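One-letter residues, chain by chain:
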Amino acid sequence: MRSKVISIANRKGGVYKTTVTQHLAIALGACGARVLVIDLDYTQASLTKSIKGSLMGTPQKGVMHLFLDKQTLPSEVIVKTKYSGVDIIGSEEMVMGRKIVIEDIIQSELGKNEILREFLENIRDQYDFILIDTPPALGSMTINAMTASKYCLIPTTADDMSTDGLCSLFDELIEVRKRLNKEIEPLGILLVGVNGREKIAKQKRKALKDAWGDIVFKTEVKINVKFKSLLEGQQSIFDVIQTPSEKGALEYFDLATEIIQKTKNNQTTRMNESTQEAL
Ligand SMILES: Nc1ncnc2c1ncn2[C@@H]1O[C@H](COP(=O)(O)OP(=O)(O)OP(=O)(O)O)[C@@H](O)[C@H]1O
Ligand SMILES: [Mg+2]
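Since the model is a prediction, treat every value here as computed from it, not as a measurement.

Caption draft 1: Seen up close, the site of ligand 1. As a structural note, the neighbourhood of ligand 1 is formed by 18 residues, with K17, T18, T19, K222 and N224 the closest of them. For ligand 1, an oxygen atom lies 3.1 Å from a polar atom in the side chain of Q44. Surface burial for ligand 1 is 84%, taken as the share of its 640 Å² of free accessible area covered by protein chains. Among the elements that take part in the shell around ligand 1, helix α1 (residues 17-30) stands out by supplying three residues, more than any other. Per-class residue counts for the shell around ligand 1 are seven nonpolar, six polar and five charged.

Caption draft 2: Here's a closer look at the sheet that holds strand β4 (residues 86-89). The strand order β3-β4-β2-β7-β1-β8-β9-β10 describes an open sheet built from eight strands, whose pairing is mixed. The two strands at the open ends of the sheet, each matched to only one other strand, are β3 (78-80) and β10 (221-222). Contacts from α1 reach β1 (4-8), β2 (35-39), β4, β7 (129-133), β8 (151-157) and β9 (185-194), with the element oriented near 165° to β7. In the packing of helix α11 (residues 247-264) onto the sheet, contacts are made with β1, β7, β8, β9 and β10, and the angle to β9 comes to roughly 165°.

Caption draft 3: Focus on unusual backbone geometry. Backbone geometry at Y16 places phi at a positive 70°, although glycine is not the residue there. For Y16, a relative accessible area of 28% corresponds to the partly exposed category.

Caption draft 4: Inspection of α11 at higher detail. Taking 1.5 Å as the rise per residue, α11 with 18 residues should run 26 Å; its terminal C-alpha atoms sit 26 Å apart, in good agreement. Those residues of α11 lying buried are G248, A249, E251, Y252, L255, A256, E258, I259, K262 and T263.

Caption draft 5: Spatial organisation of the packing of aromatic side chains. Tallied over the full model, the rule gives three aromatic pairs. When the centroid spacing of 5.5 Å and the interplanar angle of 70° are considered together, the rings of F238 and F253 count as edge-to-face. Taken together, the residues span a long stretch of sequence, with F238 in helix α10 (residues 237-240) and F253 in helix α11 at a distance of 15 residues. By relative accessible area, F238 is classed as buried at 19%. Using a relative accessible area of 21% as the deciding quantity, one classes F253 as partly exposed. Of note, K262 hangs over the ring of F217, and the distance from its end group to the ring centre comes to 4.4 Å.

Caption draft 6: Here's a closer look at the pairing of β9. Most of β9 sits inside the fold, with nine of its ten residues counted as buried. When β8 meets β9, the two strands line up parallel, connected through seven bridges. What sits directly across from L153, in β9, is G188. Judged from the two bridges that link them, β9 and β10 form a sheet pairing that is parallel. Each bridged residue has a counterpart across the sheet, and for V192 the counterpart in β10 is V221.

Caption draft 7: Structural context of the environment of Q235. Residue placement: Q235 occurs in the loop between β10 and α10. When its relative accessible area of 28% is taken as the criterion, Q235 is described as partly exposed. Taking the C-alpha atoms as reference points, Q235 and K49, separated by 186 residues in sequence, lie 9.2 Å from one another. Ignoring any residue separated from it by four or fewer positions in sequence, one finds Q235 in contact with Q22, S50, Y83, S229, L230 and V240.

Calculation notes
- Residues numbered from 1 in each chain as written.
- Chains lettered and ligands numbered in written order.
- Predicted model: local features only at pLDDT ≥ 70, side-chain atom pairs only at ≥ 80, totals over all residues.
- Heavy atoms only, no water.
- Near = heavy atom within 4 Å.
- Polar contact = N/O pair within 3.5 Å; in protein donor to acceptor, adjacent residues only side chain to side chain.
- Areas by Shrake-Rupley, 256 points an atom, 1.4 Å probe, with all protein chains shown as cover.
- Helix = DSSP H or I, 4+ residues; strand = E, 2+ residues; numbered from the N terminus.
- Nonpolar A, V, L, I, M, F, W, Y, C, P; charged D, E, K, R; others polar.
- Pairing = 2+ DSSP bridges.
- Contact = heavy atoms within 4.5 Å.
- Axes fitted to C-alpha atoms, helices over the stretch in contact; angles between N-to-C directions.
- Buried < 20%, exposed > 50% of the residue type's maximum accessible area, 1.4 Å probe, protein only.
- Expected span 1.5 Å × (residues − 1).
- Phe/Tyr/Trp six-rings, centres within 6.5 Å; stacked < 30°, edge-to-face > 60°.
- Lys NZ or Arg CZ within 6 Å of the ring centre and 35° of its normal.

Here's what the structure looks like:
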């Protein structure tokens, strides 16, 4: 069985990309799936820090090695996390004590956009899901992620829904589809940072639905102060809640269930002309 590879992307910063990647992975793992997360946002490496711990000063290889040396083996970069079923390829911007810029190093390479896809060919049968966290920019790392993926999950705040962030992400998706990966399609737009005030949330959901239709996930991620206390800690919301049915955690189980369903039946909205018209 081939892994379902999902990029989590939006060029806008702070729209919960990393949090969604981490928590969705843990929820999918808890549902019995084998999951690999990949931290392509190597300059921040927030996913690595929060799910496993920083690679800084350790001999552990990560994303930067697989981009810089094509001979890198999966066993050299994949490590287990404390979460059931969840492995990670972590990242770090320092290699041998020097800060690196992967984009500059691979710039003139032929096939620079296919490096991750080629690497994943060797491990595609080992995981049910491979989730890729990307930086808040549409550069080489995000293009590599999209080239390697079947699906793209786009977290967005209601404020961003009709503005540049979402539209330029879809432009990029169309471009990647044309030139590099005809398989990629939107898995869904995930509304995050939803304010608990019911009326406003409803209005925003309606506006998002009107603009983007069925691509929008039914699940939405509400603002929850508990996520603030996770900063810097190697923790997820699942480590600090009292019961698994607590809201912040439940949302991610709902999202996992929706994604398992959508990808099982391949019910994603194909990026057909009507999707493009919505742009
Ligand atoms: N449900 C939530 N409620 C409130 N705050 C949250 C929630 N989920 C995540 N956050 C917080 O929002 C901030 C931004 O989240 P995150 O780092 O996941 O965004 P990002 O899109 O990955 O950012 P960047 O673009 O910089 O990589 C973090 O401080 C995180 O703890
Ligand atoms: Mg991030």
